[in-house]
Amino acid sequence: MNSRGYYGEFGGAFIPEILISTFEELVDEFEKAKADPAFWQKYMHIMSTYSCRPTPLTFAENLTSLFGGARIYIKREDLNHTGAHKANNVMGQGLLVKRMGKTRVIAETGAGQHGVATATMAARFGFRCTIYMGEVDIERQRPNVFWMERLGAQVIPVRDGTRTLKDAINEAFRDWVTNMHDTHYVLGTACGPHPFPEMVSYFQSIIGEEARGQIIEREGKLPSRVYACVGGGSNALGVFSGFLDDPVQLVAVEAGGKGLNTGRHAARLSSKDASVGVAQGYKTYFLQDSDGQMKKTHSVAAGLDYVGVSPILASLWQEGRVRFESVMDSEVLDAFSLTLKKEGLVPALESAHAFAQAFKEAPHLSSDDIILINQSGRGDKDIFTVADAYNDAQWQDFIRQKARDYGP
Amino acid sequence: MNSRGYYGEFGGAFIPEILISTFEELVDEFEKAKADPAFWQKYMHIMSTYSCRPTPLTFAENLTSLFGGARIYIKREDLNHTGAHKANNVMGQGLLVKRMGKTRVIAETGAGQHGVATATMAARFGFRCTIYMGEVDIERQRPNVFWMERLGAQVIPVRDGTRTLKDAINEAFRDWVTNMHDTHYVLGTACGPHPFPEMVSYFQSIIGEEARGQIIEREGKLPSRVYACVGGGSNALGVFSGFLDDPVQLVAVEAGGKGLNTGRHAARLSSKDASVGVAQGYKTYFLQDSDGQMKKTHSVAAGLDYVGVSPILASLWQEGRVRFESVMDSEVLDAFSLTLKKEGLVPALESAHAFAQAFKEAPHLSSDDIILINQSGRGDKDIFTVADAYNDAQWQDFIRQKARDYGP
Amino acid sequence: MMHNGKISSDKRHEIMALESYIRAVLKEKDILLMTHLIIGYPSFEECFRLIDVMVGAGVDLMELQIPFSEPIADGPVILRANHMALENGVTVQGCLDFARSVIRAFDIPFLLMTYYNIPFTYNTSAFVSAMAKTGLKGAIIPDLPPEEGHDYLEAMQKEGLDPIVIFSPTTSYERMKYLDSFARGFIYCVARRGVTGGDTILSEKLIFYLGLCRKASNLPLALGFGLKEKADMVFLKGKADIAVMGTQTIRTMEKEGIAAVGEFIRRLR
Amino acid sequence: MMHNGKISSDKRHEIMALESYIRAVLKEKDILLMTHLIIGYPSFEECFRLIDVMVGAGVDLMELQIPFSEPIADGPVILRANHMALENGVTVQGCLDFARSVIRAFDIPFLLMTYYNIPFTYNTSAFVSAMAKTGLKGAIIPDLPPEEGHDYLEAMQKEGLDPIVIFSPTTSYERMKYLDSFARGFIYCVARRGVTGGDTILSEKLIFYLGLCRKASNLPLALGFGLKEKADMVFLKGKADIAVMGTQTIRTMEKEGIAAVGEFIRRLR
Ligand SMILES: Cc1ncc(COP(=O)(O)O)c(C=O)c1O
Ligand SMILES: Cc1ncc(COP(=O)(O)O)c(C=O)c1O
């Protein structure tokens, strides 16, 4: 193994010796797959017959006239099978797993979207499947847990550490270290050791490729700005990748949580709270203390509640190619509500971060400008979180009644 | 007004005098729209940029090999925006509403899918929106109620009669009779007075049109059989319409509930319990007693729990063109589970009826045969029903905990 | 007074056509009063007593509604009455039997009101024959426009019963003429948009509408509306021939009992 | 006995390189025993007592782990110990200070074990210098393959510390040779797939694996595995040079207290 997978100073593969050969195999298979035109064809076939690629590009007419600035377009990754861009990644990795002849997949999940996507892929490909999920995330994304189990996956609650996404990743690595002979770890975002950042971005690049073609077909020109939320960075890299060589501003939106000065957020590159470190197998900016211990993070969106960030994004940020911003939980909920009421679209709370930032900037652009927001997923999964945020009395009554029906 | 909209002896427009002129206007506008090529273009544009038409056709490889008979294909209406075929209908009617210059829409809903779809369409078109929903259905489809309200619609619980779909329809008519000057009633299925059966089928015909093209492209030939569940009949007519002139068996699947001999079902044409009647504005087979009073119906799937059936389907059934079958709740849940585990697809419980019947027949066909199942919607909305059906202990714990958090 | 007791020997209306009866009464009163009840609600016995009270209070005509599970044109009060009656086990045959005994007992004309599925399921022509035998004068079927009513209209014609036709504020003059061509007995003019039981505003618009109805038909006009007090009746005099009171009787009965209905009606005159 | 008390005046290892120390001990014993603890778990005081007990019981080498919030290669027992230590407020500087006092107090060689983010954040070369000043002999960093460890390896070289290299059952012979080129002190051979704390089966496969390791490196071999009883030690004699006991000491301490750890270790010999 050579030192590979660096983006500027970020990336690498900081992995235990026992996994080295597994990674070598994976890198190898991925390189072969990339070089094989039939592989991408197979990928496109499955994405267009099992999920609904190309996903549409929606003109948000009402939001556009509300803000009176840029023309707002929305890339509809929420319409993917399982409801988020995560499908792009898992189906691609599934095809690799088949090539490698492995029979079991494991994954971490935060929002649960990646878990559902992986469980779905496993059902479809006939793999056994185990999903690691932090206990805190299980509580806020229970419907997704329910569906993973119905899809035949085993969901293992992670009770260590902060009991969120990063701990689920650690736990998945622990499983992998034991079972790599028949198991592939389907990492859910463009983080982790090489080749994951590259591989996940590769499969997600379909978003940007489509979006660029669609916007040019519809408007005859490029957007001025592209917005995406950033948890690990996969949906952002997916959509940005279509515009990297274009004169287009790329805006990555992180979870500002309760505010950047409260410490209760997950803003790595848009706050001063993060520093370069090595954890979970790669080098990037982490929200860590001066000793290098990871901090607790917070976001209303489980999928953004993560300490690290894709090394590819860290590098693009350092180069000045991608601008990082953050929005607070409360702004996210406002953007969420507005989008439902004005356009009939239900973004995932993760995606709503991108909407919130775009709404701040749209009024200051001219009607000649186009902006593109990546709606990475749908918000159905967030029903409990949203109901709680709005203190929905009827919902609470309903839950109380259900609880009574279930008995003590 | 002439006596119109008959299909054999079924159909018609049995409406109060006060609505006659409203229906005349609607028939008129619909005829004009149909004759205007720009209208269908506009419809296609919105369906392909706001929802994701064409929806994919998925080859169910695992189910196919499990049953060892016909090759099973699934038309993926679950991938529509809002998660069901209902989107096709509401967006079409929304365009008509715009043409008529009305500013408010109302709708009935059973499963809640049509309500969510209508609320979504209203948000998108900027209409005010009121949804009528039986109290029983509200209880079993609460998440959909939650989303309708978040989308800005007013949801009115219907507490009369059986408190299900048919009562919601009556209530919507009562609203319309009062507010027809600015209000359009977006009927959700191919039932009700003329022109609704024709109009809803017209918008849904996009399913069959696409499916026929897709299957011929993929397999070079027609399917032997096409399966669809039947509540009112809109998704069935949608998919069947593509194959009416072909040598293709069309199989409509009704809710067998607890069994045809228990009286607790919603099987109109596949049981001996229904007879021809006139209610809710049209003539068809109804589940009614010998006096003509409507009976209570039952199905695990709220969207199939209805007393009448599309007059177009009744006529096709009478002609022998469409075969009617029914499957029981328990068979539906089995088919549902199997589909999740084998293909990673989550059909709505309504749609799972079509799957269940197809699974019964697939093994008896040869591998030269193709069957096509219409997956009318996705099952996310059914989480409470499914969790209860499986007595999911972890789910119950979660709900109990939530209830405790909410306090008494 | 034309009707002054439960069992009158002067059953004038029995041999008289409905229209002639109305015109005859109009010679003595400015306006007739028609009321409404749902057969079997709250019970057959109470219905009978209610009719007794209403006839005694001077009601000139009555609609007897056979309950239907889907009363699409009725508002909440009558809707619930329909459902309660059905829950009490009321059957169509029971309703016809009840109508027969009422018609025997009281000396005013009675009309049937129901939704089309009731005659249709019974068999339309058999149902119309049964109505005729029962002594009913005609019927109001709010969900059966003439376009859909061929069998019904033919049977009514054959049996000499009056199919009461409905005009509404959304009905064009042209259509009124068309509807009038099927009409006998009187025209039932719906006062406003909406289902039964809502409030009607007595207005210039209403006067204009009634004028249009009058122009379109030579038959007497009944106005169905939220009749509440004497002033309403006074307003209507000369503009319509029959004032219809539906929901208000039921509300009064539910709140204050059957006897109160009599007082309420008497106060209208 | 080489070490028979807390404060020995015969600090032989201090002037001896780690490898030489191991080889010297091997002349007296069939196999060395290396144990492990997480600094600050359950507390600094208890750690100190634990070391005292272990050294007294005849342990030849020890790994001191600086806790890290993401101990990716550790199993549940050590994972939790890491988190508990951090919750107790343990800092990196506190760990280095503790190491210094332990090294002063006990006459066996001590190694550091931690994850790469700890030295990286401290600044790798500064950290290595601090290790050297503390008197540590070397370090084990399980998430730092040599490909990523240039700075670290250079600093270790400069400071004369031993970077302990890890072989695993999935490591090819070729790679073992490659890894060996960076190794000093001894080779840490992971006994099996999985994280720390699982069961290892003493098998032909294990013997074959150790044979391969022996062929690939001239350094002494430590075998990290689920050491449980004397039979395990007996099995290993001649096949490996150092038996590593990690999780089992912590388990014993948690269940039976610190004193029991001494008895447990004594019973292994
Ligand atoms: C809908 C959605 N969007 C965004 C994210 C964030 O992940 P990433 O930054 O990798 O796109 C998640 C993660 O779960 C998600 O579910
Ligand atoms: C997913 C789904 N499928 C089917 C139906 C039944 O309706 P129809 O027979 O009109 O397709 C419904 C109705 O709500 C539905 O939600």
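It should be emphasised that the depicted structure is a prediction, and the values quoted were computed from it without experimental measurement. (Residues numbered from 1 in each chain as written. Chains lettered and ligands numbered in written order. Predicted model: local features only at pLDDT ≥ 70, side-chain atom pairs only at ≥ 80, totals over all residues. Heavy atoms only, no water.)

Caption draft 1: Fine view of the packing of aromatic side chains. Residues and elements named next belong to chain A. Tallying each qualifying case throughout the model produces 71 aromatic pairs over all chains. Between Phe59 and Tyr73, the aromatic rings sit 5.0 Å apart at their centres with planes inclined by 40 degrees, giving tilted as the arrangement. With Phe59 in strand β3 (residues 57-59) and Tyr73 in strand β4 (residues 71-76), this residue pair connects regions lying 14 residues apart in the sequence. Residue class for Phe59 comes out buried when judged on its relative accessible area of 16%. (Phe/Tyr/Trp six-rings, centres within 6.5 Å; stacked < 30°, edge-to-face > 60°. Helix = DSSP H or I, 4+ residues; strand = E, 2+ residues; numbered from the N terminus. Buried < 20%, exposed > 50% of the residue type's maximum accessible area, 1.4 Å probe, protein only.)

Caption draft 2: View of the interface of chain B and chain A. Tallying the contact residues gives 60 residues for chain B and 60 residues for chain A. Taken over both partners, the interface formed by chain B and chain A buries close to 5,400 Å², and the fraction arising from carbon and sulfur atoms is 58%. Here Arg150(A) ties to Asp392(B) by a salt bridge, and the two come within 3.5 Å at their closest N and O atoms. Linking chain B with chain A are 28 residue pairs in polar contact (both at pLDDT 80 or more). Elements represented by at least two residues in the side of chain B that touches chain A include exactly α2 (37-49), β3 (57-59), α3 (61-67), α5 (113-125), α7 (142-150), α12 (329-343), α14 (383-389) and α15 (393-406) of chain B. Here the side of chain B that touches chain A is built from residues that sort into 27 nonpolar, 15 polar and 18 charged. (Contact = heavy atoms within 4.5 Å. Buried area = accessible area lost by both parts, 1.4 Å probe. Salt bridge = Lys/Arg side-chain N within 4 Å of Asp/Glu carboxyl O. Polar contact = N/O pair within 3.5 Å; in protein donor to acceptor, adjacent residues only side chain to side chain. Nonpolar A, V, L, I, M, F, W, Y, C, P; charged D, E, K, R; others polar.)

Caption draft 3: Structural context of the site of ligand 1. All names here are of chain A. Around ligand 1, 18 residues are found, and the nearest of them are Thr189, Gly231, Gly233, Ser234 and Ser376. Residue Thr189 places a side-chain N or O atom 2.5 Å away from an oxygen atom belonging to ligand 1. Relative to its unbound accessible area of 380 Å², ligand 1 is 98% covered by the protein chains. Tallied by class, the residues present in the shell around ligand 1 amount to 5 nonpolar, 11 polar and 2 charged. No fewer than three residues from each of domain 1 (6-48 + 85-196) and domain 2 (52-83 + 205-389) sit in the shell around ligand 1. (Near = heavy atom within 4 Å. Areas by Shrake-Rupley, 256 points an atom, 1.4 Å probe, with all protein chains shown as cover. Domains from an automatic or database assignment.)

Caption draft 4: Representation of the domain arrangement of chain A within the structure. Residue and element names in this part refer to chain A. Taken domain by domain, chain A consists of domain 1 (6-48 + 85-196) and domain 2 (52-83 + 205-389). When each unit is reduced to the centre of its C-alpha atoms, the spacing between domain 1 and domain 2 is 22 Å. Facing the 41 residues of domain 1 at the interface are 45 residues of domain 2. Buried area between domain 1 and domain 2, both sides added, is near 3,500 Å², and the carbon and sulfur share of it is 61%. Between the two partners, domain 1 and domain 2, sit 0 salt bridges. At the surface where domain 1 touches domain 2, the tally comes to 15 residue pairs in polar contact (both at pLDDT 80 or more).

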